[in-house]
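Spelled out, the chains give:
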Amino acid sequence: MSKRGFSKNKTLDSILNVEMVKQKKPEEIKQIWRQYFSAEDTVYAVIPGKTFDLMWKRAQNCPSFLFALPRKEGYEFFVGQWSGTELHFTSLINIQSQGEAATSQLILYHYPEFQEDKGIVLMTAEMDSSFLNVPEAQCLASQVQLFYATDRQETYGLVEAFNHQPDQFKYMSVITELEQSRLGQELKPEQDPPMPTA
């Protein structure tokens, strides 16, 4: 999957002065990260180190997954593919029509530079805004923790099935998990109340 239109080698140093920030406490780093991105139209997070450890370990074993994004008419599926600490999301329709030439619509960048000393991993993203808006990108980003950092074996079992037993994988189970978690609920249009009957 290609990165057309995205930064090449988006390092943490290209965002902030790592040497200066290294001296700060974890809470201060979180604050700096949030302040920096609060004015940007993008997705960002501070992930606890232990949570990232679990996600990372599982990503080594299961480097891709099918995520569902609520749309006005049902759901659109995105394949998330780990490449190092980057997670690339590409719509399934694009993959089916363009194969390996399909470009990513969203890339999550995880920065573990402060994980050992400060117990946090910084995350930010770049997205194709002609394809996704920030709440949609946030919904996909939140699903990474839902599926890769869960304590529920049934939930992570979907990731394992997608990677190792594709014939056992049921994409409707992804939608069920998503609905139970209530992630992305705000992206679905409000249901019209039933009309009163006379």
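In case you missed it, the structure is sitting above this.
Just so we're clear, the structure is a prediction, and the values are computed from it rather than from any experiment.

What counts, and where the lines are drawn
- Numbering of residues starts from 1 in each chain and follows the order in which that chain's sequence is written.
- For this predicted model, a pLDDT threshold of at least 70 governs which residues receive local features, and a threshold of 80 or more governs which side-chain atom pairs are given and counted, while totals over whole chains, interfaces and linings are taken from all residues.
- Calculation of side-chain values draws on the structure's entire complement of heavy atoms; hydrogens and water are dropped beforehand.
- Helix and strand labels come from DSSP, where a helix needs a run of H or I of at least four residues and a strand needs a run of E of at least two; each type is numbered from the N terminus.
- Atoms counted for the radius of gyration: C-alpha only. Globule rule: 2.2 Å times the number of residues to the power 0.38.
- For each residue, the accessible area found with a 1.4 Å probe, counting protein chains only, is set against the maximum for its type, and the residue is called buried under 20%, exposed over 50%, and partly exposed in between.
- Here a residue-residue contact requires only that any non-hydrogen atoms of the pair lie within 4.5 Å.
- Surface accessibility follows the Shrake-Rupley procedure with a 1.4 Å probe radius. Residue values consider only the protein chains on display as shielding.
- Counted charges follow a simple rule, with Lys and Arg positive, Asp and Glu negative, and His plus the chain ends left uncounted.
- To locate a charge, take atom NZ for lysine, CZ for arginine, CG for aspartate or CD for glutamate.
- Here a strand pair is declared whenever DSSP counts at least two bridges between the two strands.
- Where helices are involved, their axes are fitted lines through C-alpha atoms of the stretch in contact, as for all axes, and angles between N-to-C directions lie from 0 to 180°.

Novice: Could you clarify how one ought to interpret the overall build of the chain in this entry?
Specialist: The secondary structure content of the chain amounts to eight helices and six strands. Ordered by position from the N terminus, the helices and strands of the chain form the series α-α-β-α-β-β-β-α-β-α-β-α-α-α. The C-alpha atoms of the chain give a radius of gyration of 18 Å, which matches the 16 Å a tight globule of 198 residues would have. Looking at the 198 residues of the chain, the share that counts as buried comes to 44%. Of all intrachain contacts in the chain linking residues separated by at least 6 positions in sequence, the fraction that spans at least 24 positions is 62%. Carbon and sulfur atoms provide 49% of the accessible area of the chain, an area that totals close to 11,200 Å². Averaging the locations of the 19 positively and 26 negatively charged side chains of the chain gives two centres separated by 3 Å.

Novice: How should the sheet that holds strand β6 (residues 120–127) be read in this particular structure?
Specialist: Adjacent strands of a sheet pair through backbone hydrogen bonds, lying either parallel or antiparallel. An order of β1-β6-β5-β4-β3-β2 is seen for the six strands of this open sheet, with the pairing classed as antiparallel. Both edges of this open sheet fall to β1 (44–48) and β2 (64–70), since each of them pairs with a single strand only. Taking the axes of each pair of neighbouring strands and ignoring which way they run, one obtains an average angle of 25 degrees across the sheet. Looking at chain direction, β2 and strand β3 (residues 75–83) are connected through seven bridges and run antiparallel. Among the inter-strand pairings, S64 is bridged to a residue of β3, identified as Q81.

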